[in-house]
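What the coordinates show
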Amino acid sequence: MMKKRIVSMAAVVCLALSLSACGGGGDTADNTAQETTGQTETAETADTAEGMTLEDYFNSDVMQAMVNAAKEQYSEEGIEAEMYAEGDELRYVFTMTDVETTEDERAVLAEALKASTEASADSFIDTAKQAKEVVTNDEVIVVVTYMDGAGNELYSQSFSSADAE
């Protein structure tokens, strides 16, 4: 049971990366097309984002369409995704709604999530950097948080656009 939970949370990390890269994806065959589309949309959005704050940029129609598509994908995996921008922070909160953990399980999951998230740090830093390039904020911080179904925080980590410099 514990191994299944760790694997499920590792899947969340992978899904988070797909969102940070270009707004989510489906099958591997579809990812290439979506990455190309995502890059085009990001370029188009970047052209219209000049002078926008991170919150305005995140709340734009193009970004919200990508966020809604990602949330739908996460939902299919049994994960509730809350994504929003607040000040200089772009926040991803992933909750495994059908998983409740004990304190001991949370410690094990936290270690697994830490390792997976740190292994993917460059992707989150790139997301912060790319967002910083199109908004007026001095810095953009991507905050990734993982929760269990009972609302217990399993792990959280921040990545800054300043880390890319």
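All values derive from a computational prediction rather than experimental measurement.

Taken across its 8 residues, strand β3 (residues 141-148) has 8 buried, putting it largely inside the fold. Judged by which residues are buried, β3 turns out to be covered on both faces: Ile-141, Val-143, Thr-145 and Met-147 on one side and Val-142, Val-144, Tyr-146 and Asp-148 on the other are all buried. Direction of pairing for strand β2 (residues 89-96) relative to β3: parallel, over a ladder of 8 bridges. Bridge assignment links Thr-95 to a residue of β3, and that residue is Met-147. Two strands pair when backbone bridges link them, and β3 and strand β4 (residues 153-160) are joined in this way by 7 bridges, in the antiparallel orientation. Directly across from Tyr-146, in β4, lies its bridge partner Tyr-155. Once β3 ends, the chain turns through 4 residues before running back antiparallel as β4, passing Gly-151 with a positive phi of about 85°.

All right, on to the environment of Met-52 then. Relative to the assigned elements, Met-52 resides in the loop between α2 (28-49) and α3 (54-58). For Met-52 and Thr-136, which are 84 residues apart along the polypeptide, the C-alpha to C-alpha distance reads 5.9 Å. Non-local contacts of Met-52, meaning those with residues more than four positions away in its chain, are made with Tyr-57, Val-134, Val-135 and Thr-136.

Procedures and definitions
Each chain has its residues counted from 1, following the order in which its sequence is written. Given that this is a predicted model, residues contribute local features only at a pLDDT of at least 70 and side-chain atom pairs are listed and counted only at 80 or more, while totals for whole chains, interfaces and linings are drawn from all residues. As a convention, hydrogens and water are excluded, and side-chain values are obtained from all of the structure's heavy atoms. Three labels apply to residues, based on accessible area from a 1.4 Å probe with only protein chains included: buried if under 20% of the type maximum, exposed if over 50%, partly exposed otherwise in between. Helix and strand definitions follow DSSP, with helices as H or I runs of at least four residues and strands as E runs of at least two, each counted in order from the N terminus. Strand pairing is defined by DSSP finding a minimum of two bridges between the two strands. It only takes one pair of heavy atoms within 4.5 Å for two residues to be counted as in contact.

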